[in-house]
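Residue-level structural notes
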Amino acid sequence: MVTPRRRSRPASRAAASGRSGGSGWREEILEVKRPPGDVPRTYTRLAPVYEVWARLTESKARRRVLELADPGPAEDILEVASGTGAQLVELARRNRDGHTVGAELSKGMLARTRRRLRSEALAGVEIFEADARELPFEDESFDLLVNSYMLDLLPREEIPRALAEFRRLLRPPGRLVMSNMTIGERPAHRTWDALYARGVVLTANCRGVLAAPVLAELGFTEIRREYLAQLGFPTEIVTATKETR
Ligand SMILES: C[S@@+](CC[C@H](N)C(=O)[O-])C[C@H]1O[C@@H](n2cnc3c(N)ncnc32)[C@H](O)[C@@H]1O
């Protein structure tokens, strides 16, 4: 059991280094337009329709995340920002004899997940209301950490903080598998960020990010990155390992 605490291919050299090198990723990505404090309320409002959006723009990425994560059958797995619980249930189904934990900030999303978990009647699954930037679990509690479409909602300076928290929770050789909205690699895929830069926020405040250079800064190894787009919505799938000390 996890104790809650009280309180593909290698990333291209460009992506791993932030294209412009070192901490260049900060200049490459846009800053968020709305205060992060609005996020839980926004996602509570969107919870009833989120799966429609996910089917249109994120279903390919979800399949690939599950393939790369290759979860279970007896692991300690954490999904951070588990949303409606759709991916959490898939992780738990594959981790029959293990322990699968979801952490999520929005009350509306948490309510959806709880309903889903009741109807699935899966054993060994728990869901917590928790913030990715300060997760209520002991160090090195998990073999696998999955996180989808959350990093792209965080202000630039909070991205390393969340990823450092993920690193803290992984038990070597722990695997991290993420999907994030990223910077479009074709002109048509850059429309979302172009609109966002002009203040047209169609994406519930997410914009393209680059996780690989931050993971490299934090000492993760075996960093690999894939790119895909669905309905012109650009996603990076990034995997990394926390090595044995
Ligand atoms: C775009 S949705 C993705 C949901 C889910 N991961 C999926 O792929 O279906 C982003 C989710 O991240 C959650 N979130 C945003 N910031 C968070 C934070 N700091 N800690 C935990 N969850 C957060 C939101 O409440 C929302 O449910």
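This report concerns the structure included in the present document. If you're wondering where the values come from, they're calculated on a predicted model, not measured in any experiment. (Residues numbered from 1 in each chain as written. Predicted model: local features only at pLDDT ≥ 70, side-chain atom pairs only at ≥ 80, totals over all residues.)

**Concerning the sheet that holds strand S1 (residues 76–80)**
Strands pair in a sheet through their backbones, by hydrogen bonds, and they do so in one of two ways: parallel or antiparallel. Rule in force here: By this definition, two strands are paired if DSSP reports at least two bridges between them. In DSSP terms, a helix is any run of H or I states spanning at least four residues, a strand is any run of E spanning at least two, and both are numbered starting from the N terminus. Note on geometry: axes are lines fitted to C-alpha atoms, helical ones only across the stretch in contact, with angles between N-to-C directions running from 0 to 180 degrees.
Taking strand neighbours across the sheet as the criterion, the 7 strands line up as S3-S2-S1-S4-S5-S7-S6 in an open arrangement whose pairing is mixed. Either end of the sheet is taken by a strand with one partner, and the two such strands are strand S3 (125–129) and strand S6 (221–230). Across the sheet, the mean angle separating the axes of adjacent strands is 15° when strand polarity is ignored. Relative to strand S7 (residues 233–242), strand S5 (residues 170–181) is paired through 8 bridges, and the arrangement is antiparallel. The partner of serine 179 across the bridge, within S7, is isoleucine 237.

**Description of the site of the ligand**
Heads up, the condition is: Using a C-beta atom placed from the backbone, a residue is scored as near a molecule or strand whenever that atom is within 6 Å of it.
Within the structure, the ligand sits among 21 residues, and Ala81, Gly83, Ser106, Ala132 and Ser148 are positioned closest to it. Those elements that place two or more of their residues in the shell around the ligand are helix H3 (39–46) and helix H6 (86–94). In terms of residue count, H3 provides more of the shell around the ligand than any other element does, 3 residues in total.

**Examining the pairing of S7**
Successive residues of a regular strand alternate their side chains across the two faces of the sheet. To keep it simple, the criterion reads: Our exposure labels follow a C-beta count within 10 Å of each residue's own C-beta, placed from the backbone: buried means 20 or more other C-beta atoms, exposed means 12 or fewer, and partly exposed covers the counts in between.
Taking burial as the measure, the 10 residues of S7 include 9 buried ones, the bulk of the element. Where S6 and S7 come together, 8 bridges link them in antiparallel fashion. Note that in S7 the partner of glutamine 230 across the bridge is phenylalanine 233.

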